[in-house]
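# Structural overview for review
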Amino acid sequence: DLRCPKCRGVFGQFTGCAALMCAYAGCNAHFCAFCLADCGGDAHPHVRTCRLNPKQNEYYVSEAEWARVVDGQRREKLQAYWTMLEPEVKDALAADASVGQIFRDLRVDGLLGAAAFAEQVAQLRGMGFMDERAMRRALG
């Protein structure tokens, strides 16, 4: 879920205008729906020139356009984070079904090899491999 940069409250539905105001009591932060920058008292000037805005000088975009931008940001962050992980941690995460679903949703499963790895592990378990070392040798 996307969160307000000031109070960290989750903001729900995107309604078209990318200049957002936090609805949580006492917060009222104004921020950009694309990059989530806290824009002080008014997000409109920033939104018009935000590097992520697919319609420069405009405030309104479709929900599909906004979702493409947000998913692109999520993909970039996931890829950057993934490169910092140790191989053992990657292996453990790749075998987790919920992690695999996130990778598929963001269309990075093939790039990172997580889905293929998870499928291979599932196949090996189906063949009776239970020992982690034996699975690593088989996938070798």
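Everything below is about the structure shown above.
Since the model is a prediction, treat every value here as computed from it, not as a measurement. (Residues numbered from 1 in each chain as written. Predicted model: local features only at pLDDT ≥ 70, side-chain atom pairs only at ≥ 80, totals over all residues. Heavy atoms only, no water.)

By secondary structure assignment, the location of Y59 is in the loop between helix 1 (44-49) and helix 2 (63-84). For Y59 and G16, which are 43 residues apart along the polypeptide, the C-alpha to C-alpha distance reads 7.9 Å. Look past the residues within four positions of Y59 in its chain and what remains in contact with it is G16, C17, A18, H44, V47 and R48. (Helix = DSSP H or I, 4+ residues; strand = E, 2+ residues; numbered from the N terminus. Contact = heavy atoms within 4.5 Å.)

Of all the residues in helix 4 (residues 97-105), the buried ones are V99, G100 and F103. What you see down the axis of helix 4 is that its buried residues fit within an arc of 100 degrees, all on one side. (Buried < 20%, exposed > 50% of the residue type's maximum accessible area, 1.4 Å probe, protein only. Arc of directions from axis to C-beta.)

Quick look at the packing of aromatic side chains now. Tallied over the full model, the rule gives four aromatic pairs. Taken together, a centroid distance of 4.6 Å and an interplanar angle of 5 degrees make the contact between F14 and W66 stacked. Pair noted here: F14 is in the segment before strand 1 (19-21) and W66 is in helix 2, with a separation of 52 residues, a long-range link. With respect to burial, F14 and W66 carry one shared label: buried. Both rings, one in W82 and one in F103, keep their centres 5.0 Å apart while their planes meet at 75 degrees; by these two values the pair is edge-to-face. With W82 in helix 2 and F103 in helix 4, the pair connects residues that are 21 residues apart, well separated along the chain. Exposure remark for F103: the relative accessible area of 2% places this residue in the buried category. Among the aromatic residues, those joined into a cluster by ring pairs are F11, F14, F31 and W66. (Phe/Tyr/Trp six-rings, centres within 6.5 Å; stacked < 30°, edge-to-face > 60°.)

This brings us to unusual backbone geometry. Phi is positive for N28, which is not a glycine, with a value near 55 degrees. Inspection of the secondary structure puts N28 in the loop between strand 1 and strand 2 (30-32). For L36, which is not glycine, the phi dihedral falls at a positive 65 degrees. By the secondary structure assignment, L36 is in the loop between strand 2 and helix 1.

The next subject is the nonpolar core. Judged by nonpolar contacts, the single largest core of 24 residues is most densely connected at F31, F34, V47 and W66. Going through the elements one at a time, strand 1, strand 2 and helix 2 are the ones with two or more residues in this core. Element by element, the count of residues in this core is highest for helix 2, at three residues. (Core = buried A, V, L, I, M, F, W, Y, C linked by side-chain atoms within 4.5 Å.)

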